[in-house]
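What follows is the residue order along each chain.
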2 protein chains.
Amino acid sequence: MPRSSMHLKPVPRPATDYTSPTYWNGLIKMSLSKFFILNALYQQPMHGYEIARTVEEMTRGCCSPGEGTIYPVLKDFEAGGYVTVMSEMVQGRERKVYALTELGRQAFRVAVSSWMDVTRCLKESEAMLDAEAPSETPDTCCR
Amino acid sequence: MPRSSMHLKPVPRPATDYTSPTYWNGLIKMSLSKFFILNALYQQPMHGYEIARTVEEMTRGCCSPGEGTIYPVLKDFEAGGYVTVMSEMVQGRERKVYALTELGRQAFRVAVSSWMDVTRCLKESEAMLDAEAPSETPDTCCR
DNA sequence: TATAATACATCGATGTTCGATGCATAGGAG
DNA sequence: CTCCTATGCATCGAACATCGATGTATTATA
């Protein structure tokens, strides 16, 4: 028996499947959670749990940050002065309603602007594909 | 002197500036390096160093993955069968020319498709901003 | 009396990228 | 002749973002 297979072969690293939409959606999500949280709050003040559902709906499931993401981010936003918090009790349950400050609104505008830049680049990538294989765009949205 | 300030105050965490384009561009970059590397190779086979310059140009500086990103990624792509490598010597310098396999091309098409989904969501976010403050889009691109 | 939905919060694990560092050659500036 | 820049590959620790599991608690529903 080869010695190398006896010890310390923890996990062979399943090798990422780059042809899986799941992979790319996960990766994309990685840089959009904060963006969409700001986006939701830009529409109106709301509490953490509501943000989760709002973003889910807004992005049609493309990007739905988990609670493990949302609450730490909100805490960070609060510490930086991007949101203010109002605690309220509704039917015995605590609710922390977050509202964007002017600084928070400014942050979101910058974020949109930055994303628009890359969006243009992405459009060009799509155009390149369309040029060789026209008529695509199945509009499946994340599945 | 308060004891808590004597020990273990490593770095106060400078607090992220979410109103800085630099922050958002950095975050965005985070999920687009692999995408643009595939994009470059989709156009034609090239070597690592060339990929860096091509992506830089392609994205007008929006997303320029460093070498510390590119080489590990290429190695990963090779291991997964997404690219093939041809080593050549040019003027005494080694060059490893990478070419996409059909699997690699497929991966890129999936990636584009996934990105198009979010692009639609981003468009809507921009539309929301434009509704309240029309005539923006300065087209500064990353600065 | 479970179960689901609401609502908050934390923590370790995973994955992505950066920046520094290292090696090596070629060519031009001083 | 030596320094610096550009080319070209490669690695590694640190920083950061997000997930998934876990925990607490209340209310409504089955």
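Look up: the structure comes first, before these words.
The structure displayed is predicted, hence computed values, not measured ones.

Reading the values: rules and limits
Residues numbered from 1 in each chain as written. Chains lettered and ligands numbered in written order. Predicted model: local features only at pLDDT ≥ 70, side-chain atom pairs only at ≥ 80, totals over all residues. Heavy atoms only, no water. Buried < 20%, exposed > 50% of the residue type's maximum accessible area, 1.4 Å probe, protein only. Helix = DSSP H or I, 4+ residues; strand = E, 2+ residues; numbered from the N terminus. Near = heavy atom within 4 Å. Polar contact = N/O pair within 3.5 Å; in protein donor to acceptor, adjacent residues only side chain to side chain. Nonpolar A, V, L, I, M, F, W, Y, C, P; charged D, E, K, R; others polar. Salt bridge = Lys/Arg side-chain N within 4 Å of Asp/Glu carboxyl O. Least-squares fit on C-alpha atoms with pLDDT ≥ 70 in both. Contact = heavy atoms within 4.5 Å. Buried area = accessible area lost by both parts, 1.4 Å probe.

Focus on helix H2 (residues 33–43) of chain A
Right, on to step 1. The element H2(A) is extensively covered by neighbouring structure, given that nine of its 11 residues are classed as buried.
Right, on to step 2. Within the sequence span of H2(A), burial applies to Ser33(A), Phe35(A), Phe36(A), Ile37(A), Leu38(A), Asn39(A), Ala40(A), Leu41(A) and Tyr42(A).

Examining the protein's contact with DNA strand C
Right, on to step 1. Close to DNA strand C lie 29 residues; Arg95(A), Lys96(A), Lys29(B), Met30(B) and Thr69(B) are nearest.
Right, on to step 2. Here, DNA strand C places atoms within 4 Å of the protein, and 70% of those atoms are sugar or phosphate.
Right, on to step 3. Here a phosphate oxygen of DNA strand C sits 3.3 Å away from a polar atom, N or O, in the main chain of Gly48(A).
Right, on to step 4. Looking at the surface near DNA strand C, the elements with two or more residues in it are helix H1 (21–29), helix H3 (48–58), helix H4 (67–80) and strand S3 (93–100) of chain A together with helix H2 (33–43) and helix H4 (67–80) of chain B.
Right, on to step 5. A class-by-class count of the residues in the surface near DNA strand C yields 10 nonpolar, nine polar and 10 charged.

Digging into the pattern of salt bridges
Right, on to step 1. Under the criterion given, the structure shown has 10 salt bridges over all chains.
Right, on to step 2. As a salt-bridge pair, Asp117(A) and Arg120(A) come within 3.0 Å of each other at their nearest N and O atoms. Residue Asp117(A) and its partner Arg120(A) are located together in helix H5 (residues 102–132), separated by three residues, close to a single helical turn.
Right, on to step 3. Glu126(B) is paired through a salt bridge with Lys123(B); the nearest N and O atoms lie 3.9 Å apart. Of this pair, Glu126(B) and Lys123(B) both sit in helix H5 (residues 102–132), three residues apart, roughly one helical turn.
Right, on to step 4. For Glu126(B), a relative accessible area of 15% translates into the label buried.
Right, on to step 5. For Lys123(B), a relative accessible area of 42% corresponds to the partly exposed category.

Quick word on the protein's contact with DNA strand D
Right, on to step 1. Near DNA strand D, the surroundings consist of 31 residues, among which Lys29(A), Met30(A), Thr69(A), Arg95(B) and Lys96(B) are the closest.
Right, on to step 2. Here the atoms of DNA strand D within 4 Å of the protein split so that 74% fall in sugar or phosphate, with bases taking the remainder.
Right, on to step 3. In this structure, Met30(A) approaches DNA strand D through a main-chain N or O atom, which is 2.5 Å from a sugar or linking oxygen.
Right, on to step 4. At 3.0 Å from a phosphate oxygen of DNA strand D is found a side-chain nitrogen or oxygen belonging to Tyr23(B).

Describing the relation of the copies chain A and chain B
Right, on to step 1. Taken as rigid bodies, chain A and chain B are interconverted by a rotation of 180° and an axial shift of 0.0 Å, the fit giving an RMSD of 0.1 Å. Taken together, the rotation and translation describe the operation of a two-fold axis.
Right, on to step 2. Most of the interface of chain A is mirrored in chain B: 100% of its interface residues are interface residues there too.

Digging into the interface of chain A and chain B
A common measure of how large an interface is: the accessible area buried when the components associate.
Right, on to step 1. Facing 57 residues of chain A, the contacting portion of chain B comprises 57 residues.
Right, on to step 2. For the pair chain A and chain B, the summed buried area comes to about 5200 Å², and 68% of that belongs to carbon and sulfur atoms.
Right, on to step 3. By the criterion of area lost to chain B, the three top residues of chain A are Tyr18(A), Trp24(A) and Leu122(A), representing 14% of everything that side buries.
Right, on to step 4. On the surface where chain A and chain B come into contact, there are two salt bridges.
Right, on to step 5. We note a salt bridge from Arg60(B) to Glu124(A), for which the minimum N-O separation is 2.5 Å.
Right, on to step 6. One can count 13 residue pairs in polar contact (both at pLDDT 80 or more) joining chain A with chain B.

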